Amino acid sequence: MIPRTTTRHPPGTTAAGIPSAVVGTGWDDAKVRRSSQIPLVAREHQVAGFRRSFDRAAAGEPGVLVVGGDAGVGKTRLVTHLAGAAEEAGGRVVVAHCVDLGEIGIPYLPFTEALGQLRRPAGTGSTDDDVAACVTELVAERPALARLLDPAGSHAAQDDQHAERLPLLDGLASAFAAVGRAGAPLVLVIEDLHWADPSTRDVLRFLITRLRTEHLLLVLTYRSDDVDRRHPLRPLLAELHRSERVDHIELNPFTASELRDFTTALNDGPLPERDFADVLRRSEGNAFFAEELVAAGMATGTLPWSLADVLHARMQSFAPEVQQLVRLASVAGRQVREDLLRSAAAGTPGLEDPAVAAAALRDAVTHQVLAVEGAHLAFRHALLAEALYLDLLPGERGAMHLAYLSALVASPELGSAAERAHHAQQGHDLPTALTASFDAAGRARDLLAPTEELRHLEQVLSLWDSVPDAAARVGVDRVAVALDAAAAAARNGQPTRAVQLTRRAIESLDGDPARQASLRHVLARNLLDVEEDMSEATRQTDLALEVLATDPTEELASTLAVRGRIEMNRDDDDAARDFLERAIDVAHRAAAPQAEADALASLAVIEVGDPETAARLIESAMHRAIEAGSLGAELRCRYNLATTWYYAGRLDVAEQLLREGLARAKETATTRSSTGISMRMIAELLRYVRGDLTESAPRDGVPALEAMVLESAGLYAAVARGDGRVLDTTQALQKEWDTDGFIALISGGCRIDALTFAGRYDEALDLAGTVVAHLGAVWSTYFLGRIWISALALAALAEAAEGSGGPGGGTEPMTTLRAQGDELLAVARETAERGRPRGGVLGPEGRAWLRRAAAEHARLAAATDQTPADPAVWEATVREFSYGYRYETARSRFRWAQALRAAGDRAAAELEAVEALHEAQEMGARPLADAVLAWTKRARLAVPGARRETSTLTEREEQVLGLVAQGLSNRQIGERLYISTKTVSVHVSNVLAKLGVSGRAEAVAVATRRGLLTV
């Protein structure tokens, strides 16, 4: 077998202590070679692709190779061949595996395995010893890596403030980067990715986004037939498909001719035609099935009908103790540590004698049922292990799981707490399963793996009633476990589950009203993430305040802080300020810094309307939260700080702060929390506002409700780029309006816009009324989003009036359209006056949409009165959107061009139309670009479909050059012409190129000499 790791063994032996001479000798009784002994068949294209990826990694261009295919199609055999080829070419190869342990998850398992292999010295003085020393030094320098490699979890995090995931992720990336060398890259193979835990998928994302110049090639395998549309691996696969560094290989079953070559090689000669036809029909080209069928048929003279029959036929030829050992190995899964298997064998009937077990192990390897992989033994294919395990009787399974459990309890270093929990659960040792699950939850918490932590804690809760002394075993009561589970659920983006767990914990304390009251603030805080009207959260704080003493305590301060957030969300700033100031006072006297930080984070938002002052207050609250170790308050401050600048129109500042906030959320494994989702939603909106209309990345592991919120946020860009799925998506999301108001607002508004683009004006107007009615009942009559909805509805009315005289093909008279428009504009203006903008002042986005509503109303009035619209209203709209809202600036500029043409200013209309078209094409806003081109054709304007490139300056370039001559900066020119700084930079670059100069002053001088500019 080709070596698959950098680990070396004593000469003449394998890691299992088995003489290498007996490995790979084949079946003497069957006289059939195994697939590992024959050349690779029919995979030349895939091997060539690997070699290209390997060569690039050797040259410092890292990459990823994803290998998919059905179970048994040959993924492992291909990867084994590739590993051998990589080692022959001088590369270092490490193979790690994801393991199926049912509901028991082990965070970062394949990376723990890979890192363990890399730091294991060979003891031969080779370069591998240098690698081991380097990795060992890295581990010593990074406590996060030490925690990862410690199965007992003794390197627990010191406190929440330092429990960050970034050091772990960065440490893994650094370790793998340190191993590869020029010409000798590291090939890290991770098999069975369909069993990957969420933390492993997160590490892969991190590694792939960090790839720069490392000598590293990742090879990932997964079963295509196991990954349905709801499988958690699907989003990661979709994300990988987008990356330029990722190549994909999909292994298909053998064709008839390929299968004939394969079976001929296995059989050392062609099969009889009838036998080959049977193998072809029953294997359907699956390499593993074909191999087992050929082996069994040659051994018994007949071809069995199923895989189980194949395995039974093979097993019958083994001695009883070999059969027993192989069954025991199957209980651990595809792969098992040799020392663990030997220890478990000591407690298994028929294998108690170590000599008997060793001989049985030797035979299993000799007959290639098990293979040596580093320090592990593994079935040649996972299907072998699965089929053998399923064939065990329930009593046999339970006894063998208990044998593993006994081995792990006696020697904890042989495995993790999660493995102990798995074997205890399957062996029906419920007390041990409970304690092991509790330990595994703590281990997952130390490693910042909230998904696995929640899973283990829920396992503890499910076993609690079955273990009489559960509290004594784990050291805490059931309420504490439930609250820890709720906290993990909240961090993992499952707020509804967090509410359920917290509520049950509180309800179980009916006989202890004091403790019950002290915990109600936790339930109220969780309810804020799932409730629209906050009535139940209010009730919980009221019940708590009725019981809690007035003496300063952390519980009282926390309850007051949560109640202040509730009142703030209700727009009652006076009541919110009162509760929050009381919370700060109580927290200060009770020495409760986390509660104080939580209250300060809320108070900073409502204190002032000036963004500069508000930002200073939020930053102060954030630093207090960091000092107090309150991660939740810190993340809320980061979100509020970013949105403060977003709503103030400072998009560059907001973007940087969001980037920092999301990085912090990633470090602490809280990207799926409520605040993490909110930051991702604002980041999606900001990306669109700044002109990035590309489709957003898949949302791995995000719960259904939060995924719908993020999907809604992506609809803005989808409408702008002309995504044909928008109408279907928004129609489907309409069923979810009751679950979240933002889904109703965003998906409803985007659907109105899309319907207008599609010419379905009557539907757009009807939907606008439906959205307003729904959100008026859920939020308030004058919710600020109503300005946006009104502007979109006015646009539909204006389009209808200009095109057909009314919605539905001219069924509405012009007077009715005008009356509807008058009402919509009045509503928009009243909403601007009576709504509650952040800080009490309508921000640039709100002002821009209000101006857009007025401009659309002017367009409607011009159509109904048959008079030209005043271009100034659209010029003002462009000016309002030019704070950085790129798409709406371009769309408003198009309307400005139309108004200019109607007013008779043809030259100015051409100029603005060219700019609108250029912007639309650069952003990929296909519907807008098509609309501009279609209109300019009808209006007979000289506007080409692309930016003009001539030897003389365009009119816009002359305008820019004139302002350059006045000494204005690019930003000042952009403000003067209502275009972005980036666009000004493009114009300046074009001017310099056309004039053949290298600087602005030289351009002014040359243009003046040529008579192109008068100064």
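What counts, and where the lines are drawn
Residues numbered from 1 in each chain as written. Predicted model: local features only at pLDDT ≥ 70, side-chain atom pairs only at ≥ 80, totals over all residues. Heavy atoms only, no water. Helix = DSSP H or I, 4+ residues; strand = E, 2+ residues; numbered from the N terminus. Buried < 20%, exposed > 50% of the residue type's maximum accessible area, 1.4 Å probe, protein only. Contact = heavy atoms within 4.5 Å. Areas by Shrake-Rupley, 256 points an atom, 1.4 Å probe, with all protein chains shown as cover. Patch = residues over 30% accessible without salt bridge, like charges linked within 9 Å, V, L, I, M, F, W, Y side chains within 5 Å. Salt bridge = Lys/Arg side-chain N within 4 Å of Asp/Glu carboxyl O. Expected span 1.5 Å × (residues − 1). Axes fitted to C-alpha atoms, helices over the stretch in contact; angles between N-to-C directions. Parallel < 35°, antiparallel > 145°, perpendicular 65-115°, else oblique. Left-handed = near helix turned anticlockwise from the far one by under 90°. Nonpolar A, V, L, I, M, F, W, Y, C, P; charged D, E, K, R; others polar. Pairing = 2+ DSSP bridges. Core = buried A, V, L, I, M, F, W, Y, C linked by side-chain atoms within 4.5 Å. 1 Å grid on protein atoms, 1.4 Å probe; cavity = no way out; pocket = protein on both sides within 12 Å on 5 of 7 lines; lining within 4 Å. Points joined across faces, edges and corners; volume = space filled by probe spheres on them. pLDDT = per-residue confidence, 0-100. Phe/Tyr/Trp six-rings, centres within 6.5 Å; stacked < 30°, edge-to-face > 60°. Lys NZ or Arg CZ within 6 Å of the ring centre and 35° of its normal.

Draft legend 1. Representation of the overall build of the protein chain. Of regular secondary structure, the protein chain possesses 49 helices and eight strands. Relative to its 1015 residues, the protein chain shows a buried fraction of 56%. Sequence separation of 24 or more characterises 70% of the internal contacts of the protein chain that already satisfy a separation of 6 or more. With the model as given, the accessible surface of the protein chain reaches about 41,000 Å², and the carbon-plus-sulfur share is 51%.

Draft legend 2. Structural detail: a nonpolar patch on the surface. A grouping of Phe742, Val778 and Trp779 is seen on the molecular surface, where their side chains present a nonpolar patch of about 240 Å² in accessible area. Among the structural elements, Phe742 can be located in helix α36 (residues 741–757).

Draft legend 3. Spatial organisation of helix α17 (residues 394–410). Over its 17 residues, α17 extends 24 Å from the first C-alpha to the last, a length consistent with the 24 Å expected when each residue adds 1.5 Å. If you check which residues of α17 are buried, you get Gly398, Met400, His401, Ala403, Tyr404, Leu405, Ala407 and Leu408.

Draft legend 4. Seen up close, the environment of Leu168. Structurally, the position occupied by Leu168 is in helix α6 (residues 166–179). Separated by 279 residues in sequence, Leu168 and Leu447 have C-alpha atoms that sit 8.1 Å apart. Aside from chain neighbours lying at most four places away, what touches Leu168 is Tyr108, Ala144, Leu145, Leu148 and Leu447.

Draft legend 5. Looking closely at the packing of helix α13 (residues 320–331) against helix α14 (residues 338–345). At a minimum axis separation of 10 Å, α13 and α14 run at an interaxial angle of 120 degrees. One element, α13, and the other, α14, form an angle in the oblique class. Between α13 and α14 the crossing geometry is right-handed. On α14, the residues that touch Leu325, Leu328 and Ala329 of α13 are Leu341, Ala344 and Ala345. In the contact of α13 with α14, the residues fall into six nonpolar, no polar and no charged.

Draft legend 6. View of the pairing of strand β1 (residues 63–69). Judged by how many residues are buried, β1 sits mostly within the fold: seven of seven residues are covered. Neither face of β1 is exposed, since Gly63, Leu65, Val67 and Gly69 on one face and Val64, Val66 and Gly68 on the opposite face are all buried. Both β1 and strand β4 (residues 216–223) contribute to a ladder of seven bridges, which runs parallel. When the bridges of β4 are listed, Gly69 appears paired with Arg223. Where β1 meets strand β5 (residues 246–251), six bridges bridge the pair, whose relative direction is parallel. Directly across from Gly69, in β5, lies its bridge partner Leu251.

Draft legend 7. Fine view of the nonpolar core. Formed by 106 residues in total, the largest nonpolar core has its most connected members in Tyr688, Trp788, Ile789, Trp849 and Leu928. In terms of residue count, helix α38 (residues 785–803) provides more of this core than any other element does, 11 residues in total. Those residues in contact with Trp849 that sit more than four places away from it in its chain are Ile787, Trp788, Ala791, Leu792, Phe881, Tyr885, Glu888 and Arg891. Ala96, Val135, Leu148 and Leu168 belong to the second-largest nonpolar core, a separate cluster that totals 48 residues.

Draft legend 8. Looking closely at the sheet that holds strand β3 (residues 186–191). In space, the five strands of this open sheet follow the order β2-β3-β4-β1-β5, with parallel pairing throughout. Pairing within the sheet leaves two strands with one partner each, and these edge strands are β2 (92–97) and β5. For this sheet, the mean angle separating the axes of adjacent strands, direction not counted, is 15 degrees. Where β3 lies against β4, five bridges are found, and the strand directions are parallel. Counted as the bridge partner of Leu188 is Leu218 from β4. Of the strands in this sheet, β2 and β3 are in contact with helix α3 (residues 109–118), which crosses β2 at around 145 degrees.

Draft legend 9. Expanded view of the layout of surface pockets. A volume near 1,600 Å³ is recorded for the second largest pocket. Glu239, Leu662, Lys666, Arg680 and Ala697 are, among the 42 residues lining the second largest pocket, the residues nearest its centre. Secondary-structure elements contributing two or more residues to the lining of the second largest pocket are α6, α7 (198–210), α8 (233–242), α31 (651–667) and α32 (674–689). Looking at the lining of the second largest pocket residue by residue, the class counts come to 17 nonpolar, seven polar and 18 charged.

Draft legend 10. Up close: empty space enclosed by the protein. Counted according to the given criterion, the structure contains eight cavities of 30 Å³ or more. What lines the second largest cavity is Tyr688, Tyr716, Val719, Ala720, Cys750, Asp753, Trp788, Trp849, Tyr885, Glu888 and Arg891. Among the elements that take part in the lining of the second largest cavity, helix α34 (residues 715–721) stands out by supplying three residues, more than any other. Residue composition of the lining of the second largest cavity, grouped by class: eight nonpolar, no polar and three charged.

Draft legend 11. Representation of the confidence of the model for the protein chain within the structure. Overall, the prediction assigns the protein chain a mean pLDDT of 85, with 88% of residues at 70 or greater. Within the protein chain, no element has a lower average pLDDT than helix α39 (residues 807–810), which sits at 44, and none a higher one than helix α21 (residues 470–474), at 97. Every residue in residues 155–163 scores below 50 in pLDDT, and together they form 14 contacts with partners more than four places removed in sequence or on other chains. A low-confidence stretch, residues 298–304 (pLDDT under 50), is modelled with 19 contacts involving residues beyond four sequence positions or located in other chains.

Draft legend 12. Summary view of the pattern of salt bridges. One pass over the structure, following the stated rule, counts 58 salt bridges. Glu536 serves as the salt-bridge partner of Arg539, at 3.0 Å between the closest nitrogen and oxygen. With Arg539 and Glu536 both in helix α25 (residues 535–547), this residue pair falls three residues apart, about one helical turn. Residue Glu536 is classed as buried on the basis of its relative accessible area of 16%.

Draft legend 13. Region of interest: the environment of Lys982. Its place among the elements puts Lys982 in helix α48 (residues 981–995). C-alpha separation for the pair Lys982 and Arg971, spaced 11 residues apart in sequence, amounts to 8.7 Å.

Draft legend 14. Structural detail: the packing of aromatic side chains. By the definition in use, this model includes 18 aromatic pairs. Ring centres of Trp849 and Tyr885 lie 6.3 Å apart, and the angle between their planes is 75 degrees; this geometry places the pair in the edge-to-face category. With a gap of 36 residues between them, Trp849 in helix α41 (residues 844–865) and Tyr885 in the loop between α42 (871–881) and α43 (886–902) connect regions that are remote in the sequence. One exposure class covers both Trp849 and Tyr885, and it is buried. One aromatic cluster is present, formed by Tyr688, Tyr716, Trp788, Trp849, Phe881, Tyr883, Tyr885 and Tyr887 through successive ring pairs. Stacked on the ring of Phe276, the Lys or Arg Arg260 has its end atom at 4.1 Å from the ring centre.

Draft legend 15. Main features of the sheet that holds strand β8 (residues 376–379). Within the open sheet, the three strands sit side by side as β6-β8-β7. Their pairing is antiparallel. The open sheet has two edge strands with one neighbour each: β6 (335–337) and β7 (370–373). With strand direction ignored, the average angle separating the axes of adjacent strands in the sheet is 30 degrees. The sheet contact formed by β6 and β8 spans three bridges and is antiparallel. Paired with Arg337 across the strands is His376, a residue of β8.

Draft legend 16. Quick peek at the pairing of β8. Judged by which residues are buried, β8 turns out to be covered on both faces: His376 and Ala378 on one side and Leu377 and Phe379 on the other are all buried. As paired elements, β7 and β8 share four bridges and run antiparallel to each other. Note on β8: the bridge partner recorded for Leu370 is Phe379. Hairpin geometry of β7 and β8 is characterised by an intervening segment of two residues between the two adjacent antiparallel strands and by a positive phi of about 65 degrees at Gly374.

Draft legend 17. Highlighting the packing of α32 against helix α33 (residues 704–713). Packing of α32 against α33 leaves a shortest axis separation of 9 Å and a crossing angle of 15 degrees. By the angle between their axes, α32 is roughly parallel relative to α33. Crossing angle aside, the handedness with which α32 passes α33 is right-handed. Taking contact as the criterion, the partners of Ile677, Arg680, Met681, Glu684 and Leu685 in α32 are, on α33, Glu706, Val709, Leu710 and Ala713. Along the lines of polarity and charge, the residues of the contact of α32 with α33 split into six nonpolar, no polar and three charged.

Draft legend 18. Just unusual backbone geometry, in detail. If you check the backbone angles, Asp268 has positive phi at about 55 degrees while not being a glycine. Position of Asp268 among the secondary structure elements: in the loop between α9 (256–267) and α10 (273–283). For Asp268, a relative accessible area of 56% puts it in the exposed group. The backbone phi angle of Arg940 is positive, close to 55 degrees, even though this residue is not glycine. Take Arg940: it is sitting in the loop between α45 (926–938) and α46 (955–965).

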